[in-house]
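Remarks on the overall topology
Each chain, letter by letter, is given below.
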Amino acid sequence: MKVCLVSAPTANDFAEKEIAESDAVRLIAEHSPLGILSLAAVLETQGIEQEIVDLNRLYYDYLQSDEFRQATLDFSTYAGRYFETKSFDVFGFSTICSSYPVTLRVAGEVKRAHPEAKVVLGGPQASVVDRQTMNAFRFIDFVVRGEAEQSFPMLLDSLSSASGGAEIPGVTFRRGDEVVRGPSSPPIADLDTLPFPAFHLYPYMKACQYIPLELGRGCPFACTFCSTNDFFRRRFRLKTPAHMISEMRRAKETYGIPQFDLVHDMFTVDRKRVVAFCEELLSCPEKFFWGCSARTDCIDDDLIALMAKAGCRGIFFGIETGSARMQKIVDKGLDLAEAKARIKSTDKRKIKTAVSLITGFPEETMEDLRDTVEFFMSSMRYDYADPQLCLLAPLAETPIHTQHKDELICDDIISDMSFQGWKQDARDREMIQKYPDIFPNFYSVPTPHLDRTFLKELREFILNGSANFRWLLVGLHQDSGSLLDVFTLWRNWREKNKGVFPDGNVTRYYASLSFHREFLEFVRSKYIGGHARASVALRALHDYEASFQAHPGETQAPSGQDPTEDASVYRMPIGLGDTPALAKGIKVTTLDVDYRKIVQCLRRNGRLDRVPVRTVSVVTRASAPSRTEIVQLSELSSQLMALCDGKRTVSEIAQEFGCVRPEVDGVPADKVCRLGLELLRQQHLVIVQAKSPCSPLVEASANQPVLAAAQA
Ligand code: B12
Ligand code: SF4
């Protein structure tokens, strides 16, 4: 028996060249497909020959191919050709809701190429829409539902025997034309008995940033929108600490990667077990770093401190909604004040925390949404918090889906849980429209109190805005009382002044530089002029961001072209006849308020209009193709930089500088000047062109007080 196991792609639209070439696509290859590698480990113990195919990787290859560039093949046909060359008895596809249409199209191509082979589906999506899928797509021979370590080997075994795969627990099969769902297979009671995932069959392990390992399975809660609780039959299980750590050690030793994504929907339900795990980790000679999921009501500050000490560097908190009313309606039941306190605590411990929020619940009102936006914005004040806002996707067979099954809406407003791209494939769309029961996550539930177009745009606005001008958004939120009001104002202003979105594509617009430019124009011309209370601070936040935008599309000069890249330039001391100039890509902007003070004020939710007025300079520098760095300059540095025009010599600069400040802390102006310039050169902010043989800088020991003064 030869088996090919195929992962579920997490990429689902990169038909756009611009996206295809972006970092997002390169990053998809960083996740090793734990589900099929766990299964592969079990099959290996039974001597079954197998191969792992990662559809994310194949997708990536496709994007590099001529077929993609010349638009001669779509991905499923490309994948079909790839599989034509492979000969297996069974092709097993893992499935996830977001890429279920493309997985089915690829599976169809495989069946066409290998009609004699069995096509089997497993994973979270096929498990819940097994019957519907097999009725609609005859090329699917079996669906293995839920945990498959026991049932899949049994299916393979029976395929080689007379029964041909019928009546196996956990397996949905065909009897003649009828699709039959066998009884469920029991959840695996002792997860320590499972073998170590077959990472060795995945050729890209060394390229992964972290290694996924299962801590356990099953969440005892029952939130109405969630699909995992049922999948693992709500049976909360954990691997023992000793077993977990032996797996982490083995993975680290084999692949040299000390970072782990410890997979469990609700790790912290059993506090004692978490403590035991952390203590065991702390007693290990080596260091491991890891992330996990938790509920804010199943964790406390002491536990967070212990987890941080034991190497926890990331936590996923599903907060879902900032409204206390909606918390009850969706059966999540979190205390929101407690949730905020936990986020503060993870920030204090430097644990990167995903704060996941959802909007688009059927019962949600504008007031609920306001509370969710408030929760999002209050999380933005923490450096280590990463708030996320998703549109609700009715995942198949969840209580929300079952309740609204007959009123699902199919239009262009698709949840980002299901589709994060710009242009959905026409073939996917056709399938989705034809089979709402199989692909409900691409639909929406009605939101009678909220306009879904508004929600979709709000999500794009808040996510792109927070990624690009975080403190300006926090400032606007604080100044106005709610970012929701600013968003409404901006939306009306944009519509009136800029018209419809180019291509009618809201996602693409918010990812573009036009959004940056136009939003800053709105803040300047509409908000600060007509609505702002703390207009001076907001103007400074605006100017700061505007200087940040000073380098659209500018890229770093290739190594060697920029004189600042040339090491020999640094070795030469600055001479009096040299002519300093601003380095390539540098721009200096003056602000009326100290930017750092504004940020400090926003962090503690203080009053913006009380931040003292003081002129400061910031310098922006394009430092990588898509990044800009900002440095706030000391007064001394900004005075010096203003004189570095590429024409004045160091001696002329010292003279002019000396007229304004004859000395700094007892150090004469010319020395301060040359040392300050040296510091700016070391920071790559100025370049120094040699004009004449130079006079050397004063001794390093004498530099220290002056450098400190220049840095202050
Ligand atoms: C890690 C993870 C990810 C990783 C994926 C890493 C990877 N390459 O696998 C990342 C972060 C990329 C990811 C992304 C997404 N994820 Co995710 N993710 C998970 C998570 C937390 C763990 C998955 C895992 O490794 N489990 C452990 C393994 C052992 O279990 P398993 O994969 O289910 O495999 C078992 C069985 O399913 C079965 N099986 C699996 N494949 C196959 C194949 C065959 C042939 C057979 C027979 C059996 C079989 O056997 C395995 C062993 O028992 C799950 C939740 C969970 N607890 O499972 C969500 C989950 C899978 N994700 C989900 C979703 C919705 C997403 C997203 C679409 C949206 C989002 N915002 O999260 C995105 C996709 C992004 C996009 N561009 O569209 C949903 C899927 C729901 C559904 N009905 O499909 C889940 C269930 C979470 C949830 N509560 O909603 N995810
Ligand atoms: S959302 Fe989280 S807590 Fe709620 S049922 Fe799902 S996994 Fe459990």
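Residues numbered from 1 in each chain as written. Chains lettered and ligands numbered in written order. Predicted model: local features only at pLDDT ≥ 70, side-chain atom pairs only at ≥ 80, totals over all residues. Heavy atoms only, no water.

**Remarks on the overall build of the protein**
Inclusion rule: The numbering of helices and of strands both runs from the N terminus, where a helix is a DSSP run of H or I of at least 4 residues and a strand a run of E of at least 2. Put simply, the radius of gyration uses C-alpha atoms, and a globule should come to 2.2 Å times the residue count raised to 0.38. Note on exposure labels: buried denotes an accessible area under 20% of the residue type's maximum, exposed denotes more than 50%, and partly exposed covers the range between, all computed with a 1.4 Å probe on protein chains only. Contacts are residue-level and defined by heavy atoms, with any inter-residue pair within 4.5 Å sufficient. Here the Shrake-Rupley method, with its probe set to 1.4 Å, supplies the accessible areas, and only the displayed protein chains count as covering residues. Neither His nor the chain ends contribute to the count of charged residues, in which Lys and Arg are positive and Asp and Glu negative. Note that the charge is assigned to NZ on lysines, CZ on arginines, CG on aspartates and CD on glutamates.
Regarding its fold elements, the protein presents 31 helices and 22 strands. Against the globule reference of 27 Å for 712 residues, the protein gives a C-alpha radius of gyration of 29 Å, in line with a compact fold. Over its C-alpha atoms, taken along the principal directions, the protein stretches across nearly 100 × 55 × 55 Å. Expressed as a percentage of its 712 residues, the buried residues of the protein come to 56%. A separation threshold of at least 6 residues defines the contact pool for the protein, and within that pool the share at least 24 residues apart is 74%. Element-wise, carbon and sulfur atoms account for 50% of the exposed surface of the protein, whose accessible area totals about 30,300 Å². Each charge sign in the protein was given a centre, from 84 positive and 94 negative side chains, and these centres are 3 Å apart.

**Brief notes about the site of ligand 1**
So the rule is basically this: We call a residue near a molecule or strand when any one of its heavy atoms sits within 4 Å of it. Polar contact is the term for a pair of N or O atoms within 3.5 Å; when the atoms are in protein, one must be able to donate a hydrogen and the other to accept it, and sequence-neighboring residues count only if both atoms are side-chain atoms. For this classification, Asp, Glu, Lys and Arg are treated as charged, while Ala, Val, Leu, Ile, Met, Phe, Trp, Tyr, Cys and Pro are nonpolar and the rest, including Gly, are polar.
Inspection of the region around ligand 1 gives 36 residues, with Thr10, Ser94, Cys97, Glu149 and Asp265 positioned closest. Measuring from an oxygen atom of ligand 1, one finds a backbone N or O atom of Cys97 at 2.7 Å. Between Asp265 and ligand 1, the recorded distance is 3.0 Å, taken from a side-chain N or O atom to a nitrogen atom. Going through the elements one at a time, helix 3 (34-45), strand 3 (90-94), helix 8 (124-128) and helix 11 (228-231) are the ones with two or more residues in the shell around ligand 1. With four residues, the single largest contributor to the shell around ligand 1 is helix 3. Here the residues of the shell around ligand 1 are counted per class, giving 15 nonpolar, 16 polar and five charged.

**Re the nonpolar core**
The criterion, for reference: Nonpolar core, defined: a set of buried Ala, Val, Leu, Ile, Met, Phe, Trp, Tyr and Cys residues in which side-chain atoms within 4.5 Å join the residues together.
Counting residues in hydrophobic clusters, the biggest one holds 128 residues, and the most contacted among them are Phe152, Trp290, Phe461 and Phe519. Aside from chain neighbours lying at most four places away, what touches Phe461 is Ser466, Leu473, Leu483, Phe487, Trp490, Tyr510, Phe515 and Phe519. Cys4, Ile140, Ile400 and Ile432 belong to the second-largest nonpolar core, a separate cluster that totals 57 residues.

**Overview of the sheet that holds strand 12 (residues 289-294)**
Rule in force here: The rule for pairing is simple: two strands pair if DSSP sees at least two bridges between them. Angles here are taken between N-to-C directions and fall from 0 to 180 degrees, while the axes themselves are lines fitted to C-alpha atoms, restricted in helices to the stretch in contact.
Spatially, six strands are ordered 8-11-12-13-14-15 in an open sheet, and the strand pairing comes out parallel. Of all the strands in the sheet, just strand 8 (211-214) and strand 15 (385-391) have a single pairing partner and so form its edges. Here the strands of the sheet are splayed against their neighbours by 20 degrees on average, with no regard to which way each runs. Bridge count between strand 14 (residues 352-359) and strand 15: seven bridges; the pairing is parallel.

**Quick look at the packing of helix 3 against helix 10 (residues 151-159)**
Using the following cut-off: Roughly parallel refers to an angle under 35 degrees, roughly antiparallel to one over 145, roughly perpendicular to one between 65 and 115, and oblique to any angle outside these ranges. For any helix crossing, the convention is left-handed if the near helix is rotated counterclockwise from the far helix by under a right angle, and right-handed if that rotation is clockwise.
The N-to-C vectors of helix 3 and helix 10 enclose an angle of 50 degrees; their axes lie 10 Å apart at closest approach. Taken as axis vectors, helix 3 and helix 10 run oblique relative to one another. Viewed along their axes, helix 3 and helix 10 form a crossing whose handedness is right-handed. In contact with Leu39, Val42 and Leu43 of helix 3, helix 10 contributes Phe152, Pro153 and Leu156.

**Quick word on the packing of aromatic side chains**
Test applied: Side-chain rings of Phe, Tyr and Trp, where Trp is taken by its six-membered ring, are said to pair if the distance between their centres is within 6.5 Å; with planes under 30 degrees apart they count as stacked, over 60 as edge-to-face, and otherwise as tilted.
Within the structure shown, the criterion is met by 40 aromatic pairs. On the numbers, 5.3 Å between centres and 85 degrees between planes, the contact of Tyr82 with Phe83 is edge-to-face. On the basis of relative accessible area, Tyr82 is assigned to the partly exposed category, the value being 29%. When the centroid spacing of 6.2 Å and the interplanar angle of 65 degrees are considered together, the rings of Tyr509 and Phe515 count as edge-to-face.

**Things to note about the site of ligand 2**
Residues in close proximity to ligand 2 include Cys219, Phe221, Cys223, Phe225, Cys226, Thr228, Asn229, Asp265, Arg295 and Lys332, which together make up its full environment. The residue inventory of the shell around ligand 2, partitioned by class, reads five nonpolar, two polar and three charged.

**Here's the deal with the sheet that holds strand 6 (residues 171-175)**
If you walk across this open sheet you meet the seven strands as 2-1-3-4-5-6-7, and the pairing is mixed. Strands with a single pairing partner mark the edges of an open sheet, and in this sheet they are strand 2 (49-53) and strand 7 (178-181). Averaged over neighbouring strand pairs, the angle between their axes works out to 20 degrees when direction is ignored. Pairing of strand 5 (residues 142-144) with strand 6 involves two bridges; the strand directions are antiparallel. Looking across to strand 6, one finds that Val143 is bridged to Thr172. In this fold helix 3 packs onto strand 1 (2-6), strand 2 and strand 3, with an angle of close to 170 degrees to the strand it touches most, strand 2. The strands that helix 10 touches are strand 1, strand 3, strand 4 (118-122), strand 5 and strand 6; relative to strand 5, the one it contacts most, it runs at about 150 degrees.

**Thoughts on the pairing of strand 4**
Which entries qualify depends on this criterion: Looking down the strands as they point away from you, a crossover is right-handed if its path from the first strand over the helix to the second goes clockwise.
Of all five residues in strand 4, four are buried; the element is thus mostly enclosed. In this structure, strand 3 lies alongside strand 4, joined through five bridges in parallel fashion. When the bridges of strand 4 are listed, Phe91 appears paired with Val119. With helix 7 (residues 100-113) bridging strand 3 and its parallel neighbour strand 4, the resulting β-α-β unit is right-handed. Sheet topology places strand 4 next to strand 5; two bridges connect them, and they run parallel. In the sheet register, Leu121 faces strand 5, and the bridge partner there is Val143.

**A closer look at the environment of Ile432**
Looking at the secondary structure, you find Ile432 in helix 19 (residues 426-434). For the pair Ile432 and Tyr443, spaced eleven residues apart in sequence, the C-alpha separation works out to 8.5 Å.

**Focus on the confidence of the model for the protein**
How we decide: The predictor reports its confidence for every residue as pLDDT, a score running from 0 up to 100.
Confidence in the prediction of the protein, expressed as mean pLDDT, is 88, and 90% of residues score 70 or more. In the predicted structure, residues 550-571 sits below a pLDDT of 50 and forms 36 contacts with residues beyond four places in sequence or in another chain. Throughout residues 692-712 the model reports pLDDT below 50, and contacts reaching past four residues in sequence, or to other chains, amount to 35 contacts.

**Here we look at helix 16 (residues 336-348)**
Just so we agree on the cut-off: To estimate how far a helix should reach, multiply one less than its number of residues by 1.5 Å.
Its 13 residues give helix 16 an end-to-end C-alpha distance of 18 Å, which sits within 8% of 18 Å, the value for a rise of 1.5 Å per residue. What helix 16 keeps buried is the set Leu336, Ala339, Arg342, Ile343, Ser345, Thr346 and Asp347. In this structure, the buried residues of helix 16 make contact with helix 14 (301-309), strand 13 (312-320), helix 15 (324-329), strand 14, helix 17 (366-380) and strand 15. In this structure Asp335 caps helix 16, since a side-chain oxygen of it lies 2.9 Å from the backbone nitrogen of Ala337. Backbone geometry just after helix 16 places Lys350 at a positive phi near 60 degrees.

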